[in-house]
Amino acid sequence: PPAACSGSTLGLLFRQVRDAMWARMEHELAETGHELTFSQYIALKKLSDGSHGVTDLARAAELNPGAMTRLLDKLEARGLVARVADPADRRAWNIHLTEAGQAMWLDVNQCGQRVRERAMHGMTDAEREQLTRMLEQVRDNLSFSDS
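Residues numbered from 1 in each chain as written. Predicted model: local features only at pLDDT ≥ 70, side-chain atom pairs only at ≥ 80, totals over all residues. Heavy atoms only, no water.

Relative to strand β3 (residues 89-97), strand β1 (residues 52-53) is paired through two bridges, and the arrangement is antiparallel. Note that in β3 the partner of G53 across the bridge is N94. The sheet contact formed by strand β2 (residues 81-86) and β3 spans six bridges and is antiparallel. If you follow V81 over to β3, its bridge partner there is L97. (Pairing = 2+ DSSP bridges. Helix = DSSP H or I, 4+ residues; strand = E, 2+ residues; numbered from the N terminus.)

What follows is about the environment of L71. Here L71 is to be found in helix α4 (residues 65-77). Sequence separation between L71 and A20 is 51 residues; the distance between their C-alpha atoms is 24 Å. Beyond its immediate chain neighbours, meaning those up to four positions away, L71 contacts S39, Q40, A43 and L63. (Contact = heavy atoms within 4.5 Å.)

Attention shifts here to the side chain of Q40. Within the secondary structure, Q40 sits in helix α2 (residues 38-47). Separated by 2.9 Å, the side chain of Q40 and the backbone nitrogen of T37 make a polar contact. Residue contacts for Q40: discarding those within four places in its chain leaves E35, L71, K74, L75 and R78. (Polar contact = N/O pair within 3.5 Å; in protein donor to acceptor, adjacent residues only side chain to side chain.)

The subject of this paragraph is the pattern of salt bridges. If charged atoms from side chains of opposite charge come close, those side chains can pair. For the structure shown, the criterion picks out nine salt bridges. Across the pair R91 and D89 runs a salt bridge whose closest N-O atoms are separated by 3.2 Å. On the accessibility criterion, D89 (26% relative accessible area) is partly exposed. Here the salt bridges do not stand alone but share partners, grouping R15, R18 and D19 into one network. (Salt bridge = Lys/Arg side-chain N within 4 Å of Asp/Glu carboxyl O. Buried < 20%, exposed > 50% of the residue type's maximum accessible area, 1.4 Å probe, protein only.)

Written out as structure tokens, the structure is:
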């Protein structure tokens, strides 16, 4: 049977959803007075669950470690993150949110929740769960980790 959605259309739809989510997120952040890039947002999100190294943060934000270091320099200058020498490896740094970073994250996370709620407006809880499961399946199907 013919596919309901061609690969190029499906890929375009994924891209449009991603772009629309981020555009709405940028709007929400601007409305609350936060000036964050998407990569800075990802770094704060990752750090909200605890301390991480530069490489781990770079992987999460899909940046090279040099670019992540520059991003962290900017967040550190704003007082949102701090670097602490890794006691197990004196060449490495552990990055964590400062109190100001934690306070900002709580507000920024509310922005994210509003965007997610807007994206799923009109869907039942079951439909939301189904959509999430299906998108996870698509992601996993396309993953190189088990090929």
